[in-house]
Amino acid sequence: MQTQFSPKQLEDPVIREADDILRHCVHCGFCTATCPTYVLLGDELDSPRGRIYLIKDMLENDTTPSPDVVKHVDRCLSCLSCTTTCPSGVDYMHLVDLARQRIETRVKRPLGDKLFRALLAFVIPNPALFRLALVGAWFAKPFQALLPGPLRKMLALAPPSIHGPSPVDSPQTFRAEGATHKRVALMTGCAQQVLAPTINEATIRILTRYGCEVIVANGAGCCGALEHHMGKAEGSHAAAKRNISAWEQAGDLDAIVINASGCGTTLKDYGHMLKDDPAWSHRAARISSLSKDITEVLSDLDLPINLETQNLKIAYHSACSMQHGQKIIRQPKDLLTQVGFTIVDPAEGHLCCGSAGTYNLTQPALAEQLGRRKTAHLTNTGADVIAAGNIGCQMQIGMYGQLPVVHTVELLDWATGGPKPEQLA
Ligand code: SF4
Ligand code: SF4
């Protein structure tokens, strides 16, 4: 794609990066067929190629982004299905990140929209506040019909029961059982530890069982993904720096383990996020290189083979951040098969479930269509259980179907000696 940035514009590193990405696109349109919003809406401007044109115009003209640009960029799930499909290697992820930052700094959103986004960015990354909000939501549920649209949707998403804080999420060290083969830090995250504390508990059990010392570092918290996907660079960079410092202080580590693939994609991108900050770029790149999904770490450990497990058929849902963001395709399914489960793949496995961070709150209509479609495909496999490696997908799929949705690591922990996941009790 030809671009027409002026020499003056190209002095800006942001524009130089966008220019480089845009020039890779050859307009072929292969990406449109695998883009969830294009599949639903059939509008070129809701396809990757259409959005690339809109972003190019917005940056070249250097004007306030028009309402049309905002609408179509907001509708993008950042699912990155297009990057898997694109034969030219267009780095759409970083292009849409730049566009979202430009929109965030230049567009005056309607007050209600602005407040709602600020509320999400303030509450969800903070486990104590988020837990409090869920308690409030529980009490407000009987009155949900009286509330405005977005808040009504939030109440619908609130889980029926709310867990107290898990003791494993405070800073501490868990010793390996037997000889120590690896020393790892666990990213305990934010929303997940509130919605499903059993995931971190299962992760620590299985890692220590197979020879890992696990550190929960003092000062580490939300990865910053939520604010990053809203274009709020200041907040996401602050979260990244806080985490980097915390893990540096944890001493020598073989890996930083993540059990929410949305967070994993963000951690692996810290090096890119902070590349223009001389004080942080090397440190961020080092943390990114240490970041591993739990299934990548477990694949290197000696998990037992072919256990006599519960004869369950599992439909594996590969989160977009897992398959498109991190290109982790085989490991979760291989591990589940290795310990004795039978795995089935749903149709349209490449399409997003509509969770996509806060997308199911900010774009509820599209998210619901995708959620229902995904859940129907998973159910149609005839499986007993759905497995996923990302809490957002688990909540979204759980809303639209009857099958239990369990985190991959909880199934692996159960098969290798841990307790039965509570969803299967
Ligand atoms: S990230 Fe997903 S929703 Fe956005 S343009 Fe690419 S395929 Fe479409
Ligand atoms: S597939 Fe890649 S090169 Fe083709 S239009 Fe889409 S982004 Fe551009």
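It should be emphasised that the depicted structure is a prediction, and the values quoted were computed from it without experimental measurement.

Per the secondary structure count, the protein chain includes 23 helices and nine strands. Here the protein chain has a C-alpha radius of gyration of 21 Å; the compact-globule value for 425 residues is 22 Å, and the two agree. Partitioning the contacts of the protein chain with sequence separation of at least 6, the portion at a separation of at least 24 is 74%. Taken as a whole, the protein chain presents about 18000 Å² of accessible surface, with 55% of it coming from carbon and sulfur.

Now for the side chain of Gln-193. Mapped onto the fold, Gln-193 is located in helix H10 (residues 191-195). For Gln-193, a relative accessible area of 11% translates into the label buried. Apart from residues lying up to four places away in sequence, Gln-193 is in contact with Pro-127, Arg-131, Asp-169, Thr-188 and Asn-200.

In this fold, Gly-50 is placed in helix H3 (residues 48-61). The exposure class assigned to Gly-50 is buried, which follows from its relative accessible area of 2%. Placed 23 residues apart in sequence, Gly-50 and His-27 show a C-alpha to C-alpha distance of 9.4 Å. In this structure Gly-50 touches Glu-44 and Leu-45, once residues within four positions along its chain are discounted.

Here we take up helix H13 (residues 233-248). For H13, which comprises 16 residues, the first-to-last C-alpha distance of 22 Å matches the rise-based estimate of 22 Å (1.5 Å per residue) to within 8%. Inspection of H13 places Gly-235, Ser-236, Ala-239, Ala-240, Asn-243, Ile-244, Ala-246 and Trp-247 among the buried residues, and these make up the whole buried set. Taken together, the buried residues of H13 touch strand S2 (182-186), helix H12 (225-228), strand S4 (255-258), helix H14 (261-267), helix H15 (270-273) and helix H16 (281-290).

Another point: the sheet that holds strand S7 (residues 342-344). Strands sit in the order S7-S6-S8-S9 across an open sheet of four strands; the sheet is parallel. Each edge of the open sheet is held by one strand with a lone partner, namely S7 and strand S9 (405-407). Looking at each pair of strands side by side, their axes are set apart by 40° on average, direction ignored. Where strand S6 (residues 313-317) and S7 come together, three bridges link them in parallel fashion. Its bridge partner being in S7, Ile-314 is matched across the sheet by Ile-343. Its contacts with the sheet place helix H23 (residues 408-415) against S6, strand S8 (385-388) and S9, and it is angled at close to 75° to S9.

On to the pattern of salt bridges, then. What the rule picks out here adds up to 24 salt bridges. A salt bridge links Glu-60 to Lys-56; the shortest N-O distance between them is 3.3 Å. Here Glu-60 pairs with Lys-56, and both are found in helix H3, just four residues apart, close to one helical turn. Owing to a relative accessible area of 13%, Glu-60 belongs among the buried residues under this scheme. For Lys-56, a relative accessible area of 11% puts it in the buried group. Between Asp-413 and Arg-209 there is a salt bridge, with the nearest N and O atoms lying 2.8 Å from each other. Taken together, the residues Asp-413 in helix H23 and Arg-209 in helix H11 (residues 198-209) connect sequence positions 204 residues apart. Residue Arg-209 is classed as buried on the basis of its relative accessible area of 19%. One connected set of salt bridges, linked through shared partners, spans Glu-17, Lys-275 and Asp-276.

Definitions and cut-offs
Residues numbered from 1 in each chain as written. Chains lettered and ligands numbered in written order. Predicted model: local features only at pLDDT ≥ 70, side-chain atom pairs only at ≥ 80, totals over all residues. Heavy atoms only, no water. Helix = DSSP H or I, 4+ residues; strand = E, 2+ residues; numbered from the N terminus. Rg over C-alpha atoms; globule rule 2.2 N^0.38 Å. Contact = heavy atoms within 4.5 Å. Areas by Shrake-Rupley, 256 points an atom, 1.4 Å probe, with all protein chains shown as cover. Buried < 20%, exposed > 50% of the residue type's maximum accessible area, 1.4 Å probe, protein only. Expected span 1.5 Å × (residues − 1). Pairing = 2+ DSSP bridges. Axes fitted to C-alpha atoms, helices over the stretch in contact; angles between N-to-C directions. Salt bridge = Lys/Arg side-chain N within 4 Å of Asp/Glu carboxyl O.

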